[in-house]
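What follows is the residue order along each chain.
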Amino acid sequence: MEKLVTPAVWLIILIVGLPQLSETVYTPALPNIATFLHTSSSLVEFTLTIYLFGFSLGTLFWGRVSDKHGRKPCVIFGLIVFCMGSLICYASPNIHTLLFGRLIQAFGGSIGSVLGQAISRDSFKGPRLGQVYSVIGSSIGLFPIIGPIVGGIITQHLIWQDVFLLLIAMAIIVTALIAWKLPETHHKNNRSQLSLLKVLKALIRDKRVIGYAFIVAAANGIYFSYFSEGSFYLIDMLHLTPVEYGFSFMFIGSAALVGGLVSKALNHHYHSQRILNWGILIMIAGTSLMCIAASGYESHLLSAKKLAYSTIACEMIMMFSFTLIMSNALALALIDYQWCVGTASSLFGFAYYCLISLFTLGIALLHNGTVIPMPFYFLSLSLVIIVMNRFLVRGNKTEQS
């Protein structure tokens, strides 16, 4: 029997974090990219939508392959594909090449989501898994937050293509660390040829899994739609500079970090479902306040600067709740599927990333140059979370105390 070696949590965070960083690091440059490539704002926003779609395809592939060949080689190969996609993005002469590069980049980068979860589930059990997910949940919030800060500086002082050079360099460093430090967590004696159809049928019949998929997707829909629309919202409409926009994420990132720490502390005393419920209530409060602020601006009760500050404050509330929702929903979603965790993670990730890509497509289609669509779209997604939690999750299994 092979000895179990527990991986360092910081290494799992790097695996999860790099692809998350690549989702947002270029967002301050979106207006510049639209100008440089002579294309529309909506089409540039689709670069995030297609990234999330490529992510969904990758999650379906990597978990299944890692169940057969192990986690470590798949992580390394995925990062190599990620580098290739980043290189295509760097050299893109037009929007179509950039979209293709983002698709390849996401397919490789999706190893961070599905295999980060699989490695965690391989290595940690019970309350410890919830605590680890809370720490990882903070990183999920922090890496995309760091992205706009770095991207804003690069956009204002260098050129937008340099963002992708940075991602290539970081991927090379992370790959070297994984090759050196990451133990294999899915050993040969635990590997089996699982029927993909069997696992799929089990997940589809489980209403709680479907509910958690929609909860995770809607929360991420709010999260990523802010990155997609937020640069136009705060830079073009409310006249912040790219650097100001980027540094606003220091406050938003702090809220994500606090949310992760609070979730970790609460996991010692409360069941994850209860913490998730609290996160949903806070999300509703944040999206509602953002709608009120946007309506005040349209009614000439708030200036552009005040709306910008109000938007950042509301996003801090939403980011705090996002970490509560994500860390606990992910910890609970596949708790009964340890027998097929890699394949189940793949299918679950594929489902919710497909939904996320649709949700981010929604904000791109609603873009009309005003401040109204984004806040009310966020509120509608938070209502989706409430409905799914009430009728599919809590309605099908008694909440534990």
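All values derive from a computational prediction rather than experimental measurement.

Colleague: Would you mind going over the overall build of the protein chain in detail, with residue names and values included?
Modeller: Helix and strand counts for the protein chain come out as 15 helices and 0 strands. Expressed along its principal axes, the backbone C-alpha trace of the protein chain runs to roughly 65 × 50 × 35 Å. Sorting the 401 residues of the protein chain into buried and exposed places 60% on the buried side. Of the contacts formed within the protein chain by residues at least 6 apart in sequence, a portion of 86% connects residues at least 24 apart.

Colleague: How would you summarise the environment of P183 if you had to cite specific residues and measurements?
Modeller: When you line up the elements, P183 lands in the loop between α8 (162-181) and α9 (196-205). A relative accessible area of 16% means that P183 is categorised as buried. For the pair P183 and G109, spaced 74 residues apart in sequence, the C-alpha separation works out to 20 Å.

Colleague: Describe unusual backbone geometry, with residues and values.
Modeller: The backbone phi angle of H38 is positive, close to 55°, even though this residue is not glycine. Mapped onto the fold, H38 is located in the loop between α2 (30-36) and α3 (41-69). The backbone of H239 sits at a positive phi, close to 70°, despite the residue not being glycine. Within the fold, H239 resides in the loop between α10 (207-237) and α11 (242-266).

Colleague: Break down helix α1 (residues 9-24) for me, citing the residues and quoting the values.
Modeller: Compared with an ideal rise of 1.5 Å per residue, which puts 16 residues at 22 Å, α1 spans 23 Å between its outermost C-alpha atoms and is within 8% of the ideal. Maximum bend of α1: about 30°, positioned at G17, with proline P19 one to four residues after it. Most of α1 is tucked away, with 14 of its 16 residues classed as buried.

Analysis parameters
Residues numbered from 1 in each chain as written. Predicted model: local features only at pLDDT ≥ 70, side-chain atom pairs only at ≥ 80, totals over all residues. Heavy atoms only, no water. Helix = DSSP H or I, 4+ residues; strand = E, 2+ residues; numbered from the N terminus. Buried < 20%, exposed > 50% of the residue type's maximum accessible area, 1.4 Å probe, protein only. Contact = heavy atoms within 4.5 Å. Expected span 1.5 Å × (residues − 1). Bend = angle between axes of the 7 residues up to and from the residue.

Remember that the coordinates give geometry; whether it matters functionally is a separate question.
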